[in-house]
Amino acid sequence: MKKNISKIAICVLLAFFVMVTSVRAEEPKREKREEKTELQEIVVTPTGKIEDESKAKVPAVVETLTPEGIERINAIDTADIFKYMPGSYLRKLYPGSTNSPLVIRGNNSTMTARTLVVADGAPISDFTAAGNSNAPKWQMVTPGEIETMEMIYGPYSAALSGNSMSGSAIITTRMPEKFETGADFTYTFQNFREYETNEDLKGYTANAYVGHKLGPFSFMVSANRLETRAQGTSYMTLDPSNGGTPSGNVITGWTADRDPKGNRRYIVGAQSMQDIKNTTVKVKLAYDFNPESQVRFTLARWDSMLNRDSPETYLRDASGMPVYSGTVDIDGKSYALKNSTFSYSKGDLQDSLYGLTYKLNPKEGFKLSAGVTHYSNDRDITGTSSDAPPAAGHGGNGSVSENDNGWYTADFKGSYDIKCNGIHTVGAGYHYDRYYVDNETWNATDWRRDIRTTLKSASQGKTQTQAVFLDDTWEITNQWSLYLGGRYEWWKGFGASKALDVTGSGRLSFGLPSRSENDFSPKFSATFKPTEDWRLRFSMALAVRYPTVGELYQGGVSASGIDNKADPNLKPERVNAKDFTITRTLGKAGEARLTFFQDDVDDAIFSQTNTTVTPNVTNYQNVDEVRTRGVEIAVNMPKFFSGFGVFTNLAWTDSEILSNRNNPESEGKTFPRVPTWRAKCVLDYSPSDRWFVTLAGHYSGRQYNTLDNSDRYGGYGGVDDYLIFDTKMSYKVTNYLTASIGVDNITDQLVHVSHPYPRRTYFASLKYTY
């Protein structure tokens, strides 16, 4: 405890020092600033943050990223833009990955239903389930079309659902004001090395767009193509304790090391490298009824092909031939390699996003926004082999999974300013969503040609939420403002069933019980501005995060008709969140922020093993009490001096399991995947508007993968602490053509967050705009 207190004290003193020295640095400029007309500067630091009066009314910390900031990042896809945001973490294993969840503050990267991501009013967060495979649909937005990205920390706005309990990312894309067109091409390269794997991995991404504004009508059409080869994310291992009597088939090539708990293991091969081909086509249409009123329609289509066609065994027999299956002798003991130990797979995915929004935003009077969206998996089929390589690569026995998931949403929000003892901005709204899941896995006689036989498992279900909210932002004086809000939600899980084919009995299926909850979530915030440059805000809120379909109705069914996974008593998560933030503006575009926060979560939803029953049960369960508290410091000075800009942030987090009746050994331990320290720093130098160079670093401290914190070692399967440096340099060759080069992971660190991250990666790009 004393160590933690001392660390907090250091953070506070550092923030105080930065703020005070910044005051001194800015004071000589104040008189000059007041003499000139206020013009918005072009912000060149990676956050590109300009805090205006409208954002000051938001009852939470808001960090903003602009196009100028995105240009400073080696951004292959939209997930990359979050790399340096304060108090956050973006898990990305390779370019084109669909498993890239966004973590805000003290949150586990598998708890994806705690972060809300919205693009142009359309939710792109996948709340059909929770986990790395349910990351936001970043592929529906390209980095080059983003006008702003606002990251909102915590569940302090009544207008946002309980899925914002860790935070939200609100993305707004631009529409053209005149004719414009452009294209860009980026080439990537890395040499990935671990154990006996050594592969050169190359790829590219290309993007083109055209847009125009003709009177009140505007449109933008874009296409994005990514092709890359990426490292495998898993290795095949054997446990020495399972070894038997030697068979006489001695093999070589294996590697021995220790797992995250310190136990000895053998590494016998690697998952196949991945060949990825992604294509996104997007159409945006808008019509302006007047300068204050617009309707917009968005249609996006994403197609993806993923092939794993080169499973890599490290094992060799006496004649030097690769060994994929059978009984083998390693280090004096025999082990049985299943035919499916090394597998092939191919995936074919097609997703669609439809969005229709309307906005009325006059300077005075009633403001309105409304929208309906639909996201669908039009095609999601993956075939996987179960026979031994290399023959299995041509087809044969295996399995085929097919998923039909998606969601519908509708939102209606209005606000009006009332002058009464100050100014009240009164807002109200309605929200509706329905998430649906229909997943099937079939046995197949030919996995590659999709020849199915019997149903291995099937699961379906739905959730639905309706909500109303009311809030009031009361600007009492120029110094004081209050925010009061409340949100009432009606939730239900329904339409759930499971099925499988049983030999001799035919199709076995049964339904699961429906569930319903309704809750009220109050919100409060008070802001005090003692001077023009200083702002103090205290916010607190209650929020409820309901289970996803996958959490509520997960798992399969046994041949006897017993549901073997789902917990019928799974409760929603409830958080009591508090935030105290001190902000100091620095010049026209700079800012320093110090934040203290605490989240007390009851019934946290997490996949764990119930050790109090026999046999043990592993599924999504409620962890009774988790307390997460922390301190954040963020300083952004885009005009630090003479062409230099700096953005740096530091986060200290203490996430502790206070009570967990299903797994008492975890009580008092650190919650998994929440490091004590995160730090990021970005320096950029731009002596003219023709070129810039950026140097950035990000650090993550020690983490655990397990609730009992028994995984004390890093490496494959564990979580490493790391310090990674990146750089980018860009030169504007002409007014229309820009060339850039960059490097991520300059020092070529081998990092694992359970799976291996990319090694040193090179980027080279050309961008044309007209």
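Keep in mind that what you see is a predicted model, and the values were worked out from it rather than measured.

S.K.: Lay out the packing of aromatic side chains in plain terms, naming residues and giving numbers.
M.R.: Considering all chains together, one arrives at 26 aromatic pairs under this definition. Measuring from centroid to centroid gives 5.3 Å for Trp491 and Tyr546, while their planes differ by 5°, and the two rings are stacked. Here Trp491 is found in strand E25 (residues 480–502), whereas its partner Tyr546 is found in the loop between strand E28 (534–545) and helix H4 (549–552), with 55 residues between them in sequence. Comparing Trp491 with Tyr546 shows no difference in burial state: the two are buried. Put simply, the rings of Phe640, Phe641, Phe644, Tyr685 and Trp691 touch in pairs and so form one group of aromatic residues. One Lys or Arg, Arg72, reaches over the ring of Phe692 and ends 3.8 Å from the middle of that ring. A cation sits over an aromatic face here: Lys492 above Phe494, 4.7 Å from the ring centre.

S.K.: Can you break down the environment of Tyr757 residue by residue, with the values?
M.R.: With respect to the helices and strands, the residue Tyr757 is situated in the loop between strand E38 (755–756) and strand E39 (761–769). Overall, the relative accessible area of 8% leaves Tyr757 in the buried class. Between the C-alpha atoms of Tyr757 and Gln231, which are 526 residues apart in sequence, the distance is 8.6 Å. If we ignore the near neighbours within four places in the chain, the residues touching Tyr757 are Tyr89, Arg91, Lys92, Leu93, Phe192, Gln231 and Val751.

S.K.: Run through the pattern of salt bridges, naming residues and quoting values.
M.R.: Tallied over the entire structure, the rule returns 38 salt bridges. One salt bridge connects Asp744 with Lys83, and the closest N-O pair in it is separated by 2.9 Å. Here Asp744, found in strand E36 (residues 737–744), pairs with Lys83, found in the loop between helix H3 (67–71) and strand E2 (88–90); they are 661 residues apart in sequence, far enough to count as distant. With respect to class, Asp744 is no different from Lys83; both count as buried. For Arg507, the salt bridge is made with Asp501, and the minimal N-O distance between the two is 2.2 Å. Taken together, the salt bridges that share partners define one network made up of Glu63, Arg105, Asp579, Arg593 and Glu632.

S.K.: Hey, could you go over the nonpolar core for me, with residue numbers and the actual values?
M.R.: Generally speaking, a soluble globular protein has its nonpolar side chains buried in company with each other. Judged by nonpolar contacts, the single largest core of 55 residues is most densely connected at Phe82, Leu102, Trp138, Met149, Met151, Ile171 and Phe671. Considering each element in turn, this core owes the most residues, five residues, to strand E6 (residues 146–153). Beyond its immediate chain neighbours, meaning those up to four positions away, Phe671 contacts Asn108, Met111, Phe606, Val626, Ser655, Ile657 and Leu707. If you look at the next biggest cluster of nonpolar residues, it comprises 16 residues, including Leu226, Ala230, Ile276 and Phe763.

S.K.: Which residues make up a nonpolar patch on the surface, and what values go with them?
M.R.: A contiguous nonpolar surface patch, about 1,000 Å² in accessible area, is contributed by Phe179, Trp691, Met729, Tyr731, Val733, Tyr736, Leu737, Ile741, Leu766, Tyr768 and Tyr770. Secondary-structure elements contributing two or more residues to the nonpolar patch are strand E35 (722–732), E36 and E39. According to the relative accessible area criterion, Trp691 is partly exposed, its value standing at 31%.

S.K.: An account of the pairing of strand E14 (residues 274–290) is requested, with residue identities and associated values reported.
M.R.: Examined bridge by bridge, strand E10 (residues 217–230) and E14 share 14 bridges and lie antiparallel to one another. Among the inter-strand pairings, Leu226 is bridged to a residue of E14, identified as Asn278. Between E14 and strand E15 (residues 293–308), which pair antiparallel one after the other, the connecting turn spans two residues.

S.K.: Describe unusual backbone geometry, listing the residues and the values that go with them.
M.R.: Cis geometry marks the peptide bond from Pro389 to Pro390, where omega comes out at 0°. Tracing the backbone shows Pro390 in the loop between strand E20 (367–385) and strand E21 (398–403). At Asp450, a residue that is not glycine, the phi angle is positive and equals roughly 60°. By secondary structure assignment, the location of Asp450 is in the loop between strand E23 (423–446) and strand E24 (451–475).

Cut-offs applied
- Residues numbered from 1 in each chain as written.
- Predicted model: local features only at pLDDT ≥ 70, side-chain atom pairs only at ≥ 80, totals over all residues.
- Heavy atoms only, no water.
- Phe/Tyr/Trp six-rings, centres within 6.5 Å; stacked < 30°, edge-to-face > 60°.
- Helix = DSSP H or I, 4+ residues; strand = E, 2+ residues; numbered from the N terminus.
- Buried < 20%, exposed > 50% of the residue type's maximum accessible area, 1.4 Å probe, protein only.
- Lys NZ or Arg CZ within 6 Å of the ring centre and 35° of its normal.
- Contact = heavy atoms within 4.5 Å.
- Salt bridge = Lys/Arg side-chain N within 4 Å of Asp/Glu carboxyl O.
- Core = buried A, V, L, I, M, F, W, Y, C linked by side-chain atoms within 4.5 Å.
- Patch = residues over 30% accessible without salt bridge, like charges linked within 9 Å, V, L, I, M, F, W, Y side chains within 5 Å.
- Areas by Shrake-Rupley, 256 points an atom, 1.4 Å probe, with all protein chains shown as cover.
- Pairing = 2+ DSSP bridges.

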